Amino acid sequence: MANFAFGLGVGTKSAKGEWLEVYYNQPLLNADDALIGAVAAKIGYQGGNAAIEIDPAQLKDLEAAFLSVDAKAQAEVVEVLAGTRQPLVVTLLETDAAPASTAEVYLKLALLSHRLVKPHGLNLAGMFGLLPNVAWTSEGAIAVDELPRRQLLARAQGRTLSVNSVDKFPKMTDYVVPAGVRIGDASRIRLGAHVGEGTTVMHEGFINFNAGTLGVSMVEGRISAGVVVGNGSDLGGGCSTMGTLSGGGNIVISVGEGCLLGANAGLGIPLGDRCTVESGLYITAGSKVTVLDDKNNEVQTVKAADLAGKNDLLFRRNSQNGRIEVKTNKSAVELNAELHKHN
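- As recorded in an unreviewed UniProt entry, the chain goes by 2,3,4,5-tetrahydropyridine-2,6-dicarboxylate N-succinyltransferase and comes from Zobellella taiwanensis.
- Under the heading Sequence similarities (unreviewed entry), UniProt records this for the chain: "Belongs to the type 2 tetrahydrodipicolinate N-succinyltransferase family."

1. Digging into the overall build of the chain
Moving on, step 1. Of the regular secondary structure elements, the chain holds 6 helices and 26 strands.
Moving on, step 2. Summarising its shape, the C-alpha atoms of the chain cover approximately 75 × 50 × 35 Å along the three principal directions.
Moving on, step 3. In the chain, which comprises 343 residues, the proportion classed as buried is 49%.
Moving on, step 4. Across the chain, contacts joining residues at least 24 apart in sequence account for 51% of those joining residues at least 6 apart.
Moving on, step 5. By element, 49% of the accessible surface of the chain is carried by carbon and sulfur atoms, the whole surface being about 15,500 Å².

2. Overview of the packing of aromatic side chains
Moving on, step 1. Summed over all chains, the structure comprises 6 aromatic pairs.
Moving on, step 2. Their ring planes at 40° and their centres at 6.1 Å tell us that Tyr106 and Tyr175 sit as a pair that is tilted. With Tyr106 in helix 4 (residues 102-113) and Tyr175 in the loop between strand 8 (163-167) and strand 9 (182-183), this residue pair connects regions lying 69 residues apart in the sequence. The same class applies to Tyr106 as to Tyr175, namely buried.
Moving on, step 3. Members of the aromatic cluster, each reached through a chain of ring pairs, are Tyr23, Tyr106 and Tyr175.

3. Describing unusual backbone geometry
Moving on, step 1. For Asn30, which is not glycine, the phi torsion reads 50° and is therefore positive.
Moving on, step 2. Checked against the element boundaries, Asn30 lands in the loop between strand 3 (28-29) and helix 1 (33-43).
Moving on, step 3. Unusually for a residue other than glycine, His120 sits at a positive phi of about 70°.
Moving on, step 4. Secondary-structure assignment places His120 in the loop between helix 4 and strand 6 (134-137).

4. Concerning the sheet that holds strand 8
Moving on, step 1. Pairing is antiparallel in the open sheet, where 3 strands are placed in the order 7-6-8. Here the strands that pair on one side only, and so sit at the sheet edges, are strand 7 (140-143) and strand 8. Strand-to-strand twist across the sheet, computed as the mean angle between neighbouring axes with direction ignored, equals 25°.
Moving on, step 2. Sheet topology places strand 6 next to strand 8; 4 bridges connect them, and they run antiparallel. Residue pairing across strands places Thr137 opposite Val163, the latter belonging to strand 8.
Moving on, step 3. On the sheet, helix 5 (residues 147-156) packs against strand 6, strand 7 and strand 8 and is oriented at approximately 125° with respect to strand 7.

5. Quick word on the pairing of strand 23 (residues 288-292)
Moving on, step 1. Taking burial as the measure, the 5 residues of strand 23 include 4 buried ones, the bulk of the element.
Moving on, step 2. Pairing between strand 23 and strand 24 (residues 298-303): 5 bridges, direction antiparallel. In the sheet register, Thr290 faces strand 24, and the bridge partner there is Thr301.
Moving on, step 3. Taken together, strand 23 and the strand that follows it, strand 24, pair antiparallel across an intervening segment of 5 residues, in which Asn296 is found at a positive phi of about 65°.
Moving on, step 4. Looking at chain direction, strand 23 and strand 26 (residues 324-328) are connected through 3 bridges and run parallel. Bridge assignment links Val291 to a residue of strand 26, and that residue is Val326.

6. Description of the side chain of His194
Moving on, step 1. Along the chain, His194 turns up in the loop between strand 9 and strand 10 (200-201).
Moving on, step 2. What makes His194 buried here is its relative accessible area of 5%.
Moving on, step 3. The contact partners of His194, leaving out residues within four places of it in the chain, are Leu112, Arg115, Val117, Lys118, Pro119, Ala211, Gly212, Thr213 and Leu214.

7. Considering the nonpolar core
Most often, soluble globular proteins have nonpolar side chains that are buried together.
Moving on, step 1. Within the largest apolar cluster, 36 residues are counted, with the highest numbers of intra-cluster contacts made by Ile223 and Phe315.
Moving on, step 2. Only strand 23, strand 25 (313-317) and strand 26 provide two or more residues apiece to this core.
Moving on, step 3. In this structure, Ala103, Leu124, Met127 and Tyr175 belong to the second largest nonpolar core, which totals 30 residues.

8. Structural notes on the sheet that holds strand 24
Moving on, step 1. The mixed open sheet is built from 10 strands, whose spatial order is 9-10-13-16-19-21-25-26-23-24. Looking along the sheet, the strands with just one partner apiece sit at the ends: strand 9 and strand 24.
Moving on, step 2. In terms of strand pairing, strand 19 (residues 260-261) meets strand 21 (residues 276-277) through 2 bridges, oriented parallel. Paired with Leu260 across the strands is Thr276, a residue of strand 21.

9. Observations concerning the domain arrangement of the chain
Moving on, step 1. As far as domains go, the chain holds domain 1 (3-131), domain 2 (136-167) and domain 3 (172-340).
Moving on, step 2. Centre-to-centre, using C-alpha coordinates, domain 2 lies 38 Å away from domain 3.

So, how was this worked out
Residues numbered from 1 in each chain as written. Predicted model: local features only at pLDDT ≥ 70, side-chain atom pairs only at ≥ 80, totals over all residues. Heavy atoms only, no water. UniProt positions renumbered as here; feature names shortened; annotations may be inferred. Helix = DSSP H or I, 4+ residues; strand = E, 2+ residues; numbered from the N terminus. Buried < 20%, exposed > 50% of the residue type's maximum accessible area, 1.4 Å probe, protein only. Contact = heavy atoms within 4.5 Å. Areas by Shrake-Rupley, 256 points an atom, 1.4 Å probe, with all protein chains shown as cover. Phe/Tyr/Trp six-rings, centres within 6.5 Å; stacked < 30°, edge-to-face > 60°. Pairing = 2+ DSSP bridges. Axes fitted to C-alpha atoms, helices over the stretch in contact; angles between N-to-C directions. Core = buried A, V, L, I, M, F, W, Y, C linked by side-chain atoms within 4.5 Å. Domains from an automatic or database assignment.

Structure (structure tokens):
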């Protein structure tokens, strides 16, 4: 039986019975046909994309199904969940079609943050309409309209219910902590972020969903939705990348390998490899850029969009006349090697 993605999830529902969130401990991409067949026989799955709610009593059947195909990691999940009173769901995606339920969206976000899929590798069309706005609290996910009563109940019991955020997305680290990363402030990385092994995200760094790093990086700036940062590239303090949700249109902003965005710089075009953007310089697609040769002689003036994706460029602002200039970047490799020596 064909399968694109699979996950056994445990989550939270509102008092109205609507899913608020789903946690997948061991999501699978392109799961083995034998595993899907064994599960299908236990829960009545007939194919297609489906999120099938199950009763805790069915966990024993699922455990037997997993063990029959030697899926020990999935069986261990079942073992831990035995006896739970929390809502359970088995989500099976035969294809990467647009998600049709909250459970499907959470499975796809989990695939990204578990690094099973890279940003832009999944169909997320229509996901916002499937994600409820949730109060993320010290007692877990709570429907926003139920929050006042829960806060009052906590006070009546001598407790304070702390609300960490009100958002469609939870923080990634409540769902997965990828291997080989350092994170200064976990609240600044949303579920669905892809944080590459060797990446350090400092306290002011931010990574949105369907975005992130592909390898070793130092992130002290903002990686907006859809932006991908290549291995060995660094984002300096306060810098920003323009995502498709923040005015970037349909252009996918990316940063190549071995690049550096200086502190408080901004990027609105895709960068090639080994590029540097000077601190404080914001480049948009329409910015006029003066191209210099190796002797600092003016060659021509172009729009920054004409330089999108080109390698070995140094963007700077001329402190005397204020124009944006670009020339061959000769120091990127040495600079990034030093930055990453102890990352």
